[in-house]
Amino acid sequence: MPHFTPCYKKPYILFGLFICCLNFQCISDIELKDNFEGSFVVVDAVLKQSPDDNDLDSTDFKVKLGNTLVNAKGGFSYQVPIKNEKVELIINQNTTIILDQTSPGTYYLKDKTLLKKGNLYQLRFTVGEKKYESTVETMPDSVPMSKVYVDFNPKSPPQAHQVFVDVNDVPQVKNYYSWSYRVFEKQEYCSQCYAQLRAPAVCREDLFPVFDSKVSVSLVCGGNCWDIVRNKTVNVISDQFFDGKLLLKKDIGYVPYNFYTGCLVEVQQMSTTGGYYQYLQLLKNISSGSGGLVDTPPAVLVGNVKNTQNSDEKVIGYFTVVNTTKRRIWIDRKDAAAQSMSPLSFVNPSIAPPPGANIPLYPCVQSDTRTNKMPVGWRN
Amino acid sequence: MKNTIKINCFFIVLFLALFSQTHAQSFIIKGSVKNKEGKNIAGASVRVDSDNYVYETDSLGNFIVSASKGYHSIEIKFLSFLTERPFIKVVSDTTIIVTMTEVVNQLEQAIITADRTTENIRKPVLGVLQINNKVLKRIPVAFGETDLLRGLQMLPGVSTVGEASNGINVRGGSTDQNLLLLDDTPIFNPTHMFGLFSVFPPDAVNRAELYKGNVPSRFGGRASAVLDVAIENPALDSLRFEGGISLISTRATVNTPIIKGKMGILASARGSFMDFLLPIVSKKNFEDTQAKFGETCVKLSYIPNAKNTFFLTSYYSKDFFQTGLLGTIGNINSKITQNDYSTLNFALKHFHTFKENLSMSTSAIYVDYKPKLILPEVGVDNKVVFQSSVGFRQLKSNIDYYKKGHQMKLGFTASYYSISPGELVPNKSPTINPLTLPLEKSLETGLFVEDNFDISSRISVSAGLRYSYFMNFGPSDVRLYKPDLPLSDLTVTSIKTYNSGEIAKTYGGFEPRLGLRYTLNKSSSLKLAYNMMRQYIQIITNTTTPLPTSRWKTSDEHIKPVVSQALSIGWFKNFSENRYETTLEAYYRATDNILDYKQGANLLLQPYVETELLEGINKSYGVEFMVAKKKGEKTGWLSYTYSRSLNQVNDGPEFSQRINDGKWFPANYDRPHTLNAFYNYNFNKFHNFSFTFTYSTGRPFTSPKGVFAYQGTSYPFFDERNNSRIPAYNRLDFSWNILTTIKEGKRWKNYWSVSVYNIYGKGNPYSIFYKERKSYTLKIFAVPIFSLAYNLRFE
């Protein structure tokens, strides 16, 4: 059972007690206690195609296989890669392509030209003696975004630029859309030395002879460096109510007002299959909470992959193919500055190094959240 | 996997056999029971010569009993009135008029409100709860609003999923399995403000009866229980007024004769418009919030002559709730959601007496329920509207016949449904397509007969048989699917088109009802009841509690009627000269064709909703114990219920056709242990105190088994539905009624009601939910809620 902590109680007064039940909602964090011993196969496989090759990168042709293991005694859950297995992509039910393992549990489709709209794709793989296969997915056609734009909203917590898209929906076709975005923020400082911890390793005492105060010191990047922030929410819609019409001002997320300087937003729109749309809806429901007054109970996140020898085995995740388009937009943040708003700032760059300190530069380490390559569309 | 439904010939044979019982010749005593103002008293109990069988006055206050030649004592009792015992000589058929005296002091009334001495022992019905307005007004409630549904929750066998619940669950049934009647008109949405307050007008309700075990055969159309709420009959002799104001609402009721002795009218209204105070409380939280509700009820009675009486009842209920917290739908560019829903009911009733032992009652019912979800678009003067409606028209008639100890009822019902399942109205929006789902039309008919009689001095019977027949009409396009595969767009084989008025699907069957009472001695009895009920309309919703906008759906080619069979047994014992009343009941109920939902079901404007549904079965069982003290300055009750409600959904071999691998799992409202206590203390003529305490096992919820990563984000992984329970619920409430004027002869009376709901501020979780690796509890009414109400009465 979950462990409960006391709930914060608001001192409502007489008239405030009346009416809105939502005002009496009290939400308190409780720690998730995993209570299950066992494992589930997890399939994370969304292969992408785009009319513009520049809109794709290597992460768009990967199939990740893992085992979610849950340790009942330890009370935690972790995911381990499923390594060295045979992973196949079946195209149009007659051509079999074997995917290469590029890192443990990650299998890669080398020839990205094999992904074409209208083609049928199916994933097959083994885990030991067990054989798994997905349903057959059809690559949808892509639909371009007609416009991407932002509005600064000083009220939304936190103060941020809201990102919107307009899309002209194709009539007489069932279309399902999903959006993701990445925000590139150029970084002057790549790390910090903390007064008490002295981490990371470069924060040696001999480099900081006067570093005994309680302040922290920011470390300047050793070259160009951009932080990458991704959306964490699932943004999905079907054209059930706007078939053939303009999807206007679809709110897909926000860019927090972190710095005075500008940033780049890269919006990716995915045209998906109906089955994957439904799966994304499940993820959306779960990630946005499933316990409110009007929420539906959470669903089992079993997707379209199953064990061919044991259909009762629950396989988590989804294999699909999507057609994507990308648009990039530069936000100069002058509108925010004009309102005399102060940026929120991810890393506090204002702390000057103490006098006499021999501050080393900190390298820009490549990762999912950081890059030293100038993103397409960046403005200096 | 199906519960086998068998129409047991035993019941039909027994029923016919019971009808053939013969008795010795006797004379008829026809009585009329009124109060001092000449107003008819319906529901009074009538007993002849301390006989075992207790009769009841009908809605006009009339009764018919038989007696042999000679002297007889007629005992007449009714809540809040002094018992009358006229002694009469019978030499032929006789007519009497009994005038009852009401207890003057309003606070004293509460002492005897639940007193229907020994009736619980004598009646051959099981699982019937009665509650009247005066008891309801003693039960402390949130914000001081007298609330029928919350009052019923204090009784055994009645539960909900939580504080904000749009309906009640009775003996393991879902909320839509209860037939809720307000003066014979069905209520499709029983609460205001998403479950915070019930829609029954607090000052106009006379009494409510909840049939949870033995349901008379005149009721049909729902599988679990019947809540029969009666509006007070109009006064024919003198003016009455009642009103009050609380933190939530303002209300007023006028009850007055129009033509003295012939025509009267009752008009009652309640409205809540206090939401203008919300921004004062918290501008940040309530800037976009509006919350208004109200209902009005008008009842007109007309008695042109001794043989005919007419009633016309109208009821209108309206809610408007606006919030910026619920988000938008689809591509509609809106930040505010407005829930606007209304109910309009009419009932026209005619009573006709053919002769002293034969009368007929005929009713025409009209109901329109219209929920709307309105989304104002940002930056433009336009509102996009999702709307639906339930139209219900009913004609019913029954004959009441009394002969040779048999009290019989024979009749029919014909109910016509016209349901608009959904319509999207974009109005001026250029980016939204209009969408209208076709009307669903159907007719449900029923024939019924029931009889109450004694077999011997110890055995009494209440037997009934109903036959219901349902027809689903075109125009409609009915999809046919590949057998044994999940119903989906991919498994459609053909579409069959039905023209307007053409019958697309029929269902029907017998519904036997039986109640038996065996008297052990003067103070105790054993009872047995069996019920079969068929339900042809259900709510389609996959939220924990139905929303006002949830879709109602009648049975069709793919959605079968719910069929429920219930068996219950009870022991009834009174102590200390009927000062204490105890009941012990046990029941088992099996229900077929309950609805559940596929994962990620999209029910909004879904033209082929069967593709989103799964069919299953339910089994519910439990034991209910109650002890009540019904006389004296200190009254109250204590009840304990052990109950289970389990579902099984195994609709096919595919994973998507099953829930929890086809195993039994607890229903959302499965709460095994419930303890309720109500204590009422009449300190003196001016002060009355009441306490309620409730404890129940937490309801089930679905907790995750782990976390997994997908597309760069962590998500909790859920495996089995309802595999955990939220912590147990408990709450203590208090109310204090202060009568400020109490002078004999004065017609104005007023009193204050002070109440504290959730005295110790227990933060009972309503639900628990998860985001990534964290979980959250949602609590409603997590603080003590103080309220004050002022009430005024003129009579």
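Calculation notes
Residues numbered from 1 in each chain as written. Chains lettered and ligands numbered in written order. Predicted model: local features only at pLDDT ≥ 70, side-chain atom pairs only at ≥ 80, totals over all residues. Heavy atoms only, no water. Helix = DSSP H or I, 4+ residues; strand = E, 2+ residues; numbered from the N terminus. Buried < 20%, exposed > 50% of the residue type's maximum accessible area, 1.4 Å probe, protein only. Contact = heavy atoms within 4.5 Å. Areas by Shrake-Rupley, 256 points an atom, 1.4 Å probe, with all protein chains shown as cover. Lys, Arg positive; Asp, Glu negative; His and termini not counted. Charge placed at Lys NZ, Arg CZ, Asp CG, Glu CD. Phe/Tyr/Trp six-rings, centres within 6.5 Å; stacked < 30°, edge-to-face > 60°. Lys NZ or Arg CZ within 6 Å of the ring centre and 35° of its normal. Salt bridge = Lys/Arg side-chain N within 4 Å of Asp/Glu carboxyl O. Disulfide = S-S within 2.5 Å. Polar contact = N/O pair within 3.5 Å; in protein donor to acceptor, adjacent residues only side chain to side chain. Expected span 1.5 Å × (residues − 1). Core = buried A, V, L, I, M, F, W, Y, C linked by side-chain atoms within 4.5 Å. Pairing = 2+ DSSP bridges. Axes fitted to C-alpha atoms, helices over the stretch in contact; angles between N-to-C directions. pLDDT = per-residue confidence, 0-100.

Visitor: Quick rundown of the overall build of chain A? Include the residues and the values.
Guide: Check the secondary structure of chain A and you find 2 helices and 23 strands. Burial statistics for chain A: of 380 residues in total, 50% are counted as buried. A sequence separation of at least 24 residues applies to 71% of the contacts in chain A between residues at least 6 apart. Carbon and sulfur atoms make up 52% of the accessible area of chain A, which totals about 17900 Å².

Visitor: Quick one: what's the story with the overall build of chain B, residue by residue and with numbers?
Guide: Across its full length, chain B holds 7 helices and 50 strands. Considering only C-alpha atoms, chain B reaches an extent of 90 × 60 × 45 Å along its principal axes. Taking the intrachain contacts of chain B between residues at least 6 apart in sequence as the baseline, contacts between residues at least 24 apart amount to 67%. Carbon and sulfur atoms make up 59% of the accessible area of chain B, which amounts to about 28900 Å² in all. Between the centroid of the 90 positive side chains of chain B and the centroid of its 68 negative side chains there is a distance of 4 Å.

Visitor: Give me the lowdown on the packing of aromatic side chains, citing residues and values where you can.
Guide: Following the criterion strictly, the structure yields 37 aromatic pairs over all chains and no others. Seen from their ring centres, phenylalanine 125 of chain A and tyrosine 132 of chain A are 5.1 Å apart, and the 10 degrees between their planes marks the pair as stacked. Judged by its relative accessible area of 2%, phenylalanine 125 of chain A is buried. Judged by its relative accessible area of 2%, tyrosine 132 of chain A falls in the buried class. For the ring pair phenylalanine 689 of chain B and tryptophan 736 of chain B, a centre distance of 5.8 Å and an interplane angle of 25 degrees mean the geometry is stacked. Here phenylalanine 689 of chain B, found in strand E41 (residues 687–696), pairs with tryptophan 736 of chain B, found in strand E46 (residues 729–739); they are 47 residues apart in sequence, far enough to count as distant. Here the aromatic cluster, defined as three or more aromatic residues joined through ring pairs, consists of Tyr681, Phe683, Phe689, Phe691, Phe734 and Trp736 of chain B. The lysine or arginine in question, arginine 479 of chain B, covers the ring of tyrosine 608 of chain B, its NZ or CZ lying 3.8 Å from the ring centre.

Visitor: An account of the pattern of salt bridges is requested, with residue identities and associated values reported.
Guide: Overall, the coordinates contain 43 salt bridges over all chains when judged by the stated rule. As a salt-bridge pair, lysine 299 of chain B and aspartate 183 of chain B come within 2.9 Å of each other at their nearest N and O atoms. Here lysine 299 of chain B is found in strand E20 (residues 290–305), whereas its partner aspartate 183 of chain B is found in the loop between strand E11 (178–182) and strand E12 (185–186), with 116 residues between them in sequence. Across the pair, exposure class does not vary: lysine 299 of chain B and aspartate 183 of chain B are buried alike. Note that arginine 393 of chain B is salt-bridged to aspartate 368 of chain B, the shortest N-O span being 3.4 Å. Of this pair, arginine 393 of chain B sits in strand E24 (residues 383–403) while aspartate 368 of chain B sits in strand E23 (residues 358–376), and the two are 25 residues apart along the sequence. The class of arginine 393 of chain B is partly exposed, set by a relative accessible area of 30%. Taken together, the salt bridges that share partners define one network made up of Arg182, Glu266, Lys326 and Arg328 of chain A.

Visitor: Requested: an account of the state of the cysteines, with residues and values cited.
Guide: Residues and elements named next belong to chain A. Taken as a whole and assessed by the stated rule, the structure comprises 2 disulfides over all chains. Disulfide pairing is shown between cysteine 225 and cysteine 364; the S-S distance is 2.0 Å. Between cysteine 225 and cysteine 364, the disulfide has an S-S torsion of 70 degrees and is therefore right-handed. Placement of cysteine 225 in the loop between strand E16 (217–220) and strand E17 (226–230) and of cysteine 364 in the loop between helix H2 (334–338) and strand E23 (370–371) is noted, with a sequence separation of 139 residues between them. Cysteine 364 matches cysteine 225 in its accessibility class, with the two residues each being buried. Considering cysteine sulfurs only, cysteine 225 is the nearest to cysteine 263, which forms no disulfide, with 15 Å between them. Using a relative accessible area of 0% as the deciding quantity, one classes cysteine 263 as buried.

Visitor: An account of the side chain of glutamine 565 of chain B is needed here, citing residue identities and associated values.
Guide: If you trace the backbone, glutamine 565 of chain B turns up in strand E35 (residues 562–575). Among the polar contacts listed, one links the side chain of glutamine 565 of chain B to the side chain of tyrosine 530 of chain B, at a separation of 2.5 Å.

Visitor: Could you give an account of helix H1 (residues 274–287) of chain A, with specific residues and numbers?
Guide: With 14 residues, H1 of chain A extends 20 Å from end C-alpha to end C-alpha; this agrees with the ideal 20 Å at 1.5 Å per step. Among all positions of H1 of chain A, only Tyr276, Tyr277, Tyr279, Leu280, Gln281, Leu282, Leu283 and Ile286 of chain A are buried.

Visitor: Requested: an account of the nonpolar core, with residues and values cited.
Guide: Generally speaking, a soluble globular protein has its nonpolar side chains buried in company with each other. Residue and element names in this part refer to chain B. Counting residues in hydrophobic clusters, the biggest one holds 33 residues, and the most contacted among them are Ile131, Leu148, Leu152, Phe200, Leu227 and Trp637. For this core, the secondary structure elements donating two or more residues are strand E8 (128–132), helix H4 (133–136), helix H5 (148–152), E11, strand E15 (205–211), strand E16 (225–231) and strand E37 (613–629). By residue number, the principal contributor to this core is E16, which donates 4 residues. Not counting the four nearest positions on each side in its chain, phenylalanine 200 is found in contact with Leu148, Leu149, Leu180, Leu182, Ile187, Val205, Leu227, Val229 and Arg270.

Visitor: Can you break down the sheet that holds strand E12 (residues 145–153) of chain A residue by residue, with the values?
Guide: Residues and elements named next belong to chain A. A sheet is described by the order of its strands in space; here 3 strands give the open sequence E12-E13-E19, paired in antiparallel fashion. In the strand order of this sheet, the two ends are held by E12 and strand E19 (246–256), each with one partner. Across the sheet, the mean angle separating the axes of adjacent strands is 25 degrees when strand polarity is ignored. Direction of pairing for strand E13 (residues 160–168) relative to E19: antiparallel, over a ladder of 8 bridges. Paired with valine 165 across the strands is lysine 250, a residue of E19.

Visitor: So what about the confidence of the model for chain B? Which residues, and what values?
Guide: Residue and element names in this part refer to chain B. The predicted model of chain B has a mean per-residue pLDDT of 86, with 91% of residues at 70 or higher. In the model, residues 1–24 has pLDDT below 50 throughout and makes 48 contacts with residues more than four positions away in sequence or in other chains. Note that pLDDT drops below 50 for residues 104–116; the model gives that stretch 54 contacts with residues more than four away or on any other chain. Listed scores for the predicted complex are pTM 0.84 and ipTM 0.86.

Visitor: Before we move on, can you summarise the environment of asparagine 542 of chain B with the specific residues and values?
Guide: Residue and element names in this part refer to chain B. For asparagine 542, the location among the structural elements is in the loop between strand E33 (537–540) and strand E34 (551–554). Overall, the relative accessible area of 17% leaves asparagine 542 in the buried class. Put simply, asparagine 542 and serine 523 are 19 residues apart on the chain and 47 Å apart in space, counted from C-alpha to C-alpha.

Visitor: Go over the sheet that holds strand E6 (residues 87–90) of chain B, please, and point to the residues and values.
Guide: All names here are of chain B. Across the sheet, 4 strands lie side by side as E3-E2-E5-E6; this open sheet has antiparallel pairing. Each of the sheet's edge strands pairs with one partner strand only, and the pair in question is strand E3 (55–56) and E6. In the sheet, strand E5 (residues 70–77) pairs with E6 via 4 bridges, with the strands oriented antiparallel. Counted as the bridge partner of tyrosine 71 is lysine 89 from E6.

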